[in-house]
Amino acid sequence: MKKKTGLFVSLAATAALVLGACGSGGSENSGEEGGMNLLEDGKLTYASSGLYKPFSFEEGGDLQGFDVEIGAAIAEEMGLEPNPVTSPWETIIQSLLGNKFDAVIGSMSITKERAERVAFSDPYYYSGGMIFVPEGSDIQGAEDLEGKRIGVVAQSTYDEAAQEYTDDIKYYNSDVVALKDLTVEGRLDAVITADVVGFEAISSGMAIQEVGEPLWVEQPAFAVRPEDEELLAEMDKALDAIIEDGTYAEISEKYFGRDLLDVDLEGITILE
């Protein structure tokens with residue numbers, strides 16, 4: 001198992017150091033959490049899209065999922081009350097920079113472009129970008145996507161991937177809705193999304209199938225404003241603690257039946 005690699009730690013650390021000099025935003029708080037520049041003293045307010053099952057989704061009026069529970073565990077380890085909120089994915093970075101919440105804990109993968117705007121923690125899971133198609137499709141691999149209609153979430157890493165194959169892209173605010181559209185004849189030829197999201201849809205009975213191997217492996221991480229170095233350090237420390245005490249593995253097993261950090265990364269293309 002490789003929980004962290006030099007590449008991951010280097011990228012996150014470099015982003016935090018370089019961007020830390022970009023000025024400050026948000027209001028200063030009084031009290032012992034003041035150095036972390038929290039939106040509300042005593043609370044960690046963290047955002048996800050709420051439309052990315054099984055990572056974040058609403059059911060029975062409650063926001064739940066892997067990201068939501070990891071965020072709660074991080075907050076509690078930091079001695080804070082967890083306060084999960086939702087934000088549209090397309091504008092989630094703008095909302096973070098606009099001080100609408102303290103952090104994004106919403107399956108945001110580290111990329112060089114994003115690291116120019118936010119500071120990232122260590123990766124908290126690994127996931128493969130995968131092509132999904134309707135059952136019985138003649139698409140056998142990425143080479144067959146040329147000119148096809150592909151569904152993706154706008155401003156996602158999958159959006160960038162789809163643009164390499166086609167100009168015929170249909171945008172969604174939810175990967176789950178995009179996958180459902182694969183089952184409607186003539187609506188989509190393929191969807192590119194995270195492997196675990198597609199597999200969850202298949203296990204729920206959706207008539208879709210994966211194609212080939214993952215296109216790459218992503219490294220989702222917590223995102224904070226560049227100036228919030230103390231908050232980022234405390235979140236990284238809390239992540240290490242919940243991994244060490246087994247809390248992380250327990251949450252991961254609950255949603256996926258495995259530890260999402262237990263991945264052999266040798267020879268795998270890492271999304272940057």
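Structure report, in brief. (Residues numbered from 1 in each chain as written. Predicted model: local features only at pLDDT ≥ 70, side-chain atom pairs only at ≥ 80, totals over all residues. Heavy atoms only, no water.)

With that out of the way, let us pick up the packing of aromatic side chains. Counted by the stated rule, this structure contains 13 aromatic pairs. Consider the rings of F55 and Y125, whose centres lie 4.9 Å apart with planes at 15°: the pair is stacked. Taken together, the residues F55 in the loop between β2 (51-52) and β3 (56-59) and Y125 in the loop between β7 (119-123) and β8 (127-134) connect sequence positions 70 residues apart. Neither F55 nor Y125 differs from the other in exposure class; each is buried. For the pair F132 and F199, a centre-to-centre distance of 5.9 Å together with 80° between the ring planes defines the contact as edge-to-face. Of this pair, F132 sits in strand β8 while F199 sits in helix α6 (residues 195-203), placing them 67 residues apart in sequence. The class of F132 is buried, set by a relative accessible area of 0%. A cation over a ring is seen here: K53 above F57, with NZ or CZ 5.1 Å from the ring centre. (Phe/Tyr/Trp six-rings, centres within 6.5 Å; stacked < 30°, edge-to-face > 60°. Helix = DSSP H or I, 4+ residues; strand = E, 2+ residues; numbered from the N terminus. Buried < 20%, exposed > 50% of the residue type's maximum accessible area, 1.4 Å probe, protein only. Lys NZ or Arg CZ within 6 Å of the ring centre and 35° of its normal.)

Turning our attention to unusual backbone geometry. In this chain, K53 is followed by P54 through a cis amide linkage whose omega measures 10°. The phi angle at N37 is positive, at roughly 60°, despite the residue not being glycine. Positive phi is not limited to glycine here, since Q155 has a value of about 65°. Owing to a relative accessible area of 52%, Q155 belongs among the exposed residues under this scheme.

A separate point is the environment of E213. Here E213 shows up in strand β12 (residues 208-218). A sequence separation of 18 residues divides E213 from D195, and the C-alpha atoms of the two residues are 9.5 Å apart.

It is worth spelling out the sheet that holds strand β1 (residues 43-48) at this point. Here five strands make up an open sheet; going across it, the order is β5-β1-β6-β13-β7 and the pairing mixed. Looking at which strands have only one partner, the edges of the open sheet turn out to be β5 (81-86) and β7. Across the sheet, the mean angle separating the axes of adjacent strands is 30° when strand polarity is ignored. With three bridges joining them, strand β6 (residues 103-109) and strand β13 (residues 220-224) adopt antiparallel strand pairing. Note that in β13 the partner of M108 across the bridge is A221. Along the sheet, helix α2 (residues 66-77) makes contact with β1, β5, β6 and β13, crossing β1 at roughly 160°. Contacts from helix α7 (residues 229-244) reach β1, β6, β7 and β13 within the one sheet, and its direction differs from that of β7 by about 10°. (Pairing = 2+ DSSP bridges. Axes fitted to C-alpha atoms, helices over the stretch in contact; angles between N-to-C directions. Contact = heavy atoms within 4.5 Å.)

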